[in-house]
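Structural description and commentary
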Amino acid sequence: MKRRDFLKSALVTGAALSLPAGLDPVLNVLQAAERPDLAVARGTPPAAIVRAAIGSLGGMKRFVSRGDIVVVKPNIGWDRTPEYAANTNPEVVAAVVRLCFEAGAKQVKVFDHPVNDPRRTYTQSGIAAAASAAGATVSYTDSRKFKDMRLNGTSLKSWPLYTEVFEADKVINIPIAKTHGTSRLTLGMKNWMGVMGGWRGRIHQRIDESLVDLAMFIRPTLTILDAVRILTDNGPQGGRLADVRQLNMVIAGTDAVAVDAFGATLFGMKPADLGFVRIGHERRLGSMDLAAMKIQRITL
C-alpha cells in the first residue's frame, strides 16, 4: 500500500473509532470520499464481477433500502440467445436482482418493450428464466400503462412512457454494450428506448438529443453496463458469432454519462465520438471526462 493510501485509510478508520454517537453522517461523508466514480470489474463468472463492482461502489444497500420496489431494466429487445450479445447477459440480470433482495427490496420488477416478439425475446435471451429464478417479477409491458409525459427536452417535448418505471422506489439500468447503425453504439442512455411507447423510430431523426432528453427525465439510481460479451458489428440485433467479443466485464456507476463514456472506449472510440455522450456532458447530465474520474478496476 502506498503511503498516501495508508494515510487515507488510517484517517477513515480513525474517524470511525473516534466519532461520538450520532455522528454517522460524518463517517458517511468520509466513506463517500473514498468511493470511486466508476467501478470496472473483469473476470468470471458474471455474477462475481457484478458483486465486485457494486461492492466497490459501497454495496447495494447504498442504493436499495428495505421495503423498496425496484425496477431492473435490461435490454430484452431481440430474439437472440445470449452468445450473440444482442440482449443483456441473463447472469448479470439475475445477480443484480439477488443483490436487490439481499439489500432488503420488497419486490424487483424486470421488463422491457422489445422490438421482436416479447414471447420469444424473453425466452431466447434467457432473461425471463434467470430473473424469475432469482425472485424477480418478470412481465411483458402492458399497453395501458404507457402514459404521455412532459419531458420538456430539446427534442422530445412529450412522449408516452411506461408508468411502472416512475412508480418504483428505485430504478437500475442494465444495458448491454453493442453497436448501432444510427447512434453508433447502444449503451445506457439508449436502453431507455425500452420504456417508450408510440412509434419509437421517429426519434432516430434526432437520436442523440432525444436520448439525452430521455435520460434527463428518467435518472436511474444506478447504471450497470454489461460488457461480458459486446457486439462489435451488425448491431443492435447481431446474428453472427464472429461479431461478438468476450470481455468478461461490467462497468457500474451513478453517472449515466460517465458509464456510457467508458463504454465508448471498449470499441476504440473516444467519449466525444458519441453524440449523446457529448450532449449529456454539455447539458450537465453527467461527465464524460474519464481522466478526471476515480475509476476502480477490479480483476477476479
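Residues numbered from 1 in each chain as written. Predicted model: local features only at pLDDT ≥ 70, side-chain atom pairs only at ≥ 80, totals over all residues. Heavy atoms only, no water.

**Observations concerning the packing of aromatic side chains**
Under the defined criterion, the tally for this structure stands at four aromatic pairs. Aromatic side chains Tyr122 and Tyr140 sit 4.7 Å apart centroid to centroid with 65° between the ring planes, which places their arrangement in the edge-to-face category. With Tyr122 in helix H5 (residues 118-124) and Tyr140 in the loop between strand S4 (137-138) and strand S5 (146-150), this pair connects stretches of sequence that are 18 residues apart. Grouped by ring-pair contacts, the aromatic residues Phe111, Phe146 and Tyr162 constitute a single cluster. (Phe/Tyr/Trp six-rings, centres within 6.5 Å; stacked < 30°, edge-to-face > 60°. Helix = DSSP H or I, 4+ residues; strand = E, 2+ residues; numbered from the N terminus.)

**What about helix H8 (residues 207-218)?**
Relative to the 16 Å expected for twelve residues at 1.5 Å per residue, H8 spans 17 Å between its end C-alpha atoms, a close match to the ideal helical length. Of all the residues in H8, the buried ones are Ile207, Ser210, Leu211, Val212, Asp213, Leu214, Ala215 and Ile218. Buried-residue contacts for H8 involve strand S6 (158-162), helix H7 (163-167) and helix H10 (275-282). Of the residues one or two after H8, Arg219 is the one with positive phi, at around 50°. (Expected span 1.5 Å × (residues − 1). Buried < 20%, exposed > 50% of the residue type's maximum accessible area, 1.4 Å probe, protein only. Contact = heavy atoms within 4.5 Å.)

**A short note on unusual backbone geometry**
Residue Pro45 is reached from Thr44 by a cis peptide bond, and omega for that bond is -10°. Looking at where Pro45 falls in the secondary structure, it is placed in the loop between strand S1 (38-42) and helix H3 (46-56). Cis geometry marks the peptide bond from Gly235 to Pro236; its omega dihedral reads 10°. Locating Pro236 in the fold gives a position in the loop between strand S10 (222-231) and strand S11 (244-253). Look at Asn152: it is not a glycine, yet its phi comes out positive at around 50°. With respect to the helices and strands, Asn152 occurs in the loop between S5 and S6.

**Things to note about the environment of Val64**
Considering the arrangement of structural elements, one finds Val64 in the loop between H3 and strand S2 (69-74). Taking the C-alpha atoms as reference points, Val64 and Leu222, separated by 158 residues in sequence, lie 9.9 Å from one another. When sequence neighbours within four positions are dropped, the list of residues in contact with Val64 reads Val70, Cys100, Ala103, Ala105, Lys170 and Ile172.

**Concerning the nonpolar core**
Of all hydrophobic cores here, the largest spans 93 residues; its most connected members are Met60, Val72, Cys100, Ile172 and Ile251. Among the elements that line this core, the one with the most residues is helix H4 (residues 90-102), at eight residues. Ignoring any residue separated from it by four or fewer positions in sequence, one finds Ile172 in contact with Met60, Val64, Val70, Val71, Val72, Lys73, Val96, Cys100, Leu222 and Ile224. (Core = buried A, V, L, I, M, F, W, Y, C linked by side-chain atoms within 4.5 Å.)

**Here we look at the pairing of strand S7 (residues 170-174)**
For S7, a buried count of five out of five residues is recorded, marking the element as mostly surrounded by other parts of the structure. Neither face of S7 is left uncovered, since the one carrying Lys170, Ile172 and Ile174 and the one carrying Val171 and Asn173 both have all their residues buried. Relative to S7, S2 runs parallel, the two sharing five bridges. Its bridge partner being in S7, Val70 is matched across the sheet by Lys170. One ladder, built from two bridges, connects S7 with S10; its direction is parallel. Paired with Asn173 across the two strands is Thr223, which belongs to S10. (Pairing = 2+ DSSP bridges.)

**Digging into the packing of H3 against H4**
Here H3 crosses H4 at 45°, and the two axes come no closer than 8 Å. As summarised for this structure, H3 and H4 are arranged oblique, according to the angle between their axes. Note on packing geometry: the crossing formed by H3 with H4 is right-handed. Residue-level contacts link Pro46, Ala47, Val50, Arg51 and Ile54 of H3 to Glu91, Val92, Ala95, Val96, Arg98, Leu99 and Glu102 of H4. (Axes fitted to C-alpha atoms, helices over the stretch in contact; angles between N-to-C directions. Parallel < 35°, antiparallel > 145°, perpendicular 65-115°, else oblique. Left-handed = near helix turned anticlockwise from the far one by under 90°.)

**A short note on the side chain of Thr179**
Here Thr179 shows up in strand S8 (residues 176-180). In this structure the side chain of Thr179 is engaged in a polar contact, spanning 3.0 Å, whose partner is the backbone nitrogen of Gly235. Those residues in contact with Thr179, other than ones at most four positions away along the chain, are Arg184, Leu185, Thr186, Leu231, Thr232, Asp233, Asn234, Gly235, Pro236 and Phe267. (Polar contact = N/O pair within 3.5 Å; in protein donor to acceptor, adjacent residues only side chain to side chain.)

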